[in-house]
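# Architecture at a glance
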Amino acid sequence: NPSDMPSEAGWDRSLALLREGYTFLPRRFRQYRSRVFESRIMLERSLCLQGAEAVRFFYQPDAFTRKAAIPPTTLKLLQGRGSVQTLDGAAHRHRKAMFMSLMTPASRARLIEVFSEEWLRRLNRWQAEESVQLLTEAEDILCRAACRWAGVVLPEEEAQSFGRDLAALIEGAGSIGPRNWRGLMSRWRADRRLRAVITDIRRSGREADTPAKVIALHRDLSGKLLDVATAANELNNILRPIVAIARFIAFGALALHDHPAWRERLAKGDDAELEAFTHEVRRYYPFFPAIAGRANTPTAFTGCPIPMGRRVIVDIYGSHRDIGAWQQPERFLPERFLNADIPDAFLPQGGGDHFTGHRCAGEWITIDVVKAAIRHLTTSMRYEVPPQDLTVSLRRMPAKPESGFIMSRVRSVE
Ligand code: HEM
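Note that the structure is predicted; figures quoted are calculated from it, not measured.

Conventions adopted
- Residues numbered from 1 in each chain as written.
- Predicted model: local features only at pLDDT ≥ 70, side-chain atom pairs only at ≥ 80, totals over all residues.
- Near = placed C-beta within 6 Å.
- Helix = DSSP H or I, 4+ residues; strand = E, 2+ residues; numbered from the N terminus.
- Nonpolar A, V, L, I, M, F, W, Y, C, P; charged D, E, K, R; others polar.
- Pairing = 2+ DSSP bridges.
- Contact = placed C-beta atoms within 7 Å.
- Axes fitted to C-alpha atoms, helices over the stretch in contact; angles between N-to-C directions.
- Parallel < 35°, antiparallel > 145°, perpendicular 65-115°, else oblique.
- Left-handed = near helix turned anticlockwise from the far one by under 90°.

## Thoughts on the site of the ligand
Neighbouring the ligand are 25 residues, the closest being Gln85, Pro241, Gly350, Cys360 and Gly362. For the shell around the ligand, the element with the most residues is helix α11 (residues 228-258), which contributes 7 residues. Residues of the shell around the ligand, tallied by class, amount to 15 nonpolar, 7 polar and 3 charged.

What follows is the structure, encoded as structure tokens:
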């Protein structure tokens, strides 16, 4: 009965959302004993949903647009204006096909090859250091690998600062104030650099077939090249999220540390176990808190009417811990993904179809990279984990192990 739907839409809850972080939505679903409630968030009435049925509903083809669904300050740090995520219908499918053409097995294998090269090169340096912070090291490795893979040539003295700028975009997206402003500065610098990359490729036309070239020379449905700012933005939309994978790598290292039996198990190199472990890292640890969209047509969820244009928010973190969908969701149990269908309530990178919907274009790359990193952590090297603050605060978006995961006495294993 729609009139029974819990509603707290009278008062804007944005400050509570910032204060409570990942727990904001799940706490309310629990409190209202409902998988749907209405709230006023970011100055707007929003319908919040959780669980497998919500995911199936939200990911019906073309049901929800991402246009103007998140605040402009967040959009600016993440996908940006004119990006694939802001498109709908045929224009979206066409642009998405361009992204998915970069995700073939051969292209992904090439990324993993350069990622492993960069990791092993860095491992040599780690051996000379007393201790290293995995999160920032992985961000730097991933930025170099992403640029090499994508065909973005950076002089050595710029590689590190470019990586820091991309990391600042991810850091700034979940906050207001200084972290967000730092992100906006980084956005400005990264955009300027990537616009130059696009312009160079278009001028010279002699680069090999790299992702940067695919984006630079992509034509929209009317046969036109993307404007330079949009093309640069889409190039950023493959580089920045590759750097973001560093968070899952840090969480993976934390999981190995907390579950030594799994470290032993994975060292044997069974691919299915490695993949199950990677899925569990993506389920268990908080990253994207939620996905927002707006109804493209009037619709209804379990009897609650949703007018056209209404903002709907699907809880990712809470869906991953929904007792209706998971057994013992509070425990880290990679076994749940072994020889089992992947539940609908699993949406670390969105749900539905990669090609026709908005599901993350880089999900396969993410899985490949995390697996490769876990393989290195368990078989290419030894390290100690000195005392440090490994807590993961649910109030901080995006979350991370507080210390960034420090490793000491790193040694490579031949
Ligand atoms: C979309 C998460 C990595 C490229 C998304 C969405 C989420 C997400 C939640 C939105 C889904 C929706 O709107 O329904 C993540 C997480 C990552 C990650 C947690 C881990 C680091 C990547 C990588 C790439 C990438 C590595 C590219 C190399 C994209 C693109 C979209 C997207 C292009 C927009 C797709 C569309 O609107 O059709 N991602 N992502 N992401 N992601 Fe990722």
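## Focus: the sheet that holds strand β9 (residues 311-315)
Taken together, 6 strands build an open sheet; the order of strands is β1-β2-β3-β9-β6-β4 and the sheet is mixed. Each of the sheet's edge strands pairs with one partner strand only, and the pair in question is β1 (7-12) and β4 (64-65). Of the pairings in the sheet, the one linking strand β6 (residues 290-295) to β9 comprises 5 bridges and is antiparallel in character. Bridge pairing links Ala290 to Asp315 in β9. Against the sheet, helix α2 (residues 24-32) makes contact with β2 (36-41), β3 (44-49), β6 and β9, and its axis sits at roughly 135 degrees relative to β2, the strand it touches most.

## Some details on the packing of helix α13 (residues 271-284) against helix α15 (residues 363-380)
The N-to-C vectors of α13 and α15 enclose an angle of 110 degrees; their axes lie 10 Å apart at closest approach. Classified by the angle their axes make, α13 and α15 are roughly perpendicular. Remark: the crossing between α13 and α15 carries right-handed chirality. Of α15, the residues touching α13 (which contributes Leu274, Glu275, Phe277, Thr278 and Val281) are Ile367, Val370, Lys371, Ile374 and Arg375.

## Section: the sheet that holds strand β5 (residues 131-133)
An order of β5-β11-β10 is seen for the 3 strands of this open sheet, with the pairing classed as antiparallel. Two strands close off the open sheet at either side, each with one partner strand: β5 and β10 (381-384). With direction set aside, neighbouring strand axes in the sheet form an average angle of 50 degrees. As defined by bridge partners, β10 adjoins strand β11 (residues 406-412) across 3 bridges and the pair is classed as antiparallel. Counterpart to Arg382 in the pairing with β11 is Arg411.

## Observations concerning the packing of helix α8 (residues 156-172) against α11
Running from N to C, α8 and α11 point in directions that differ by 80 degrees, and their axes come no closer than 9 Å. With respect to each other, α8 and α11 are oriented roughly perpendicular. For the pair α8 and α11, contact is made by Gly163, Leu166, Ala167, Leu169 and Ile170 and by Leu239, Arg240, Val243 and Ala244, respectively. Partitioned by chemical class, the residues of the contact of α8 with α11 number 7 nonpolar, 1 polar and 1 charged.

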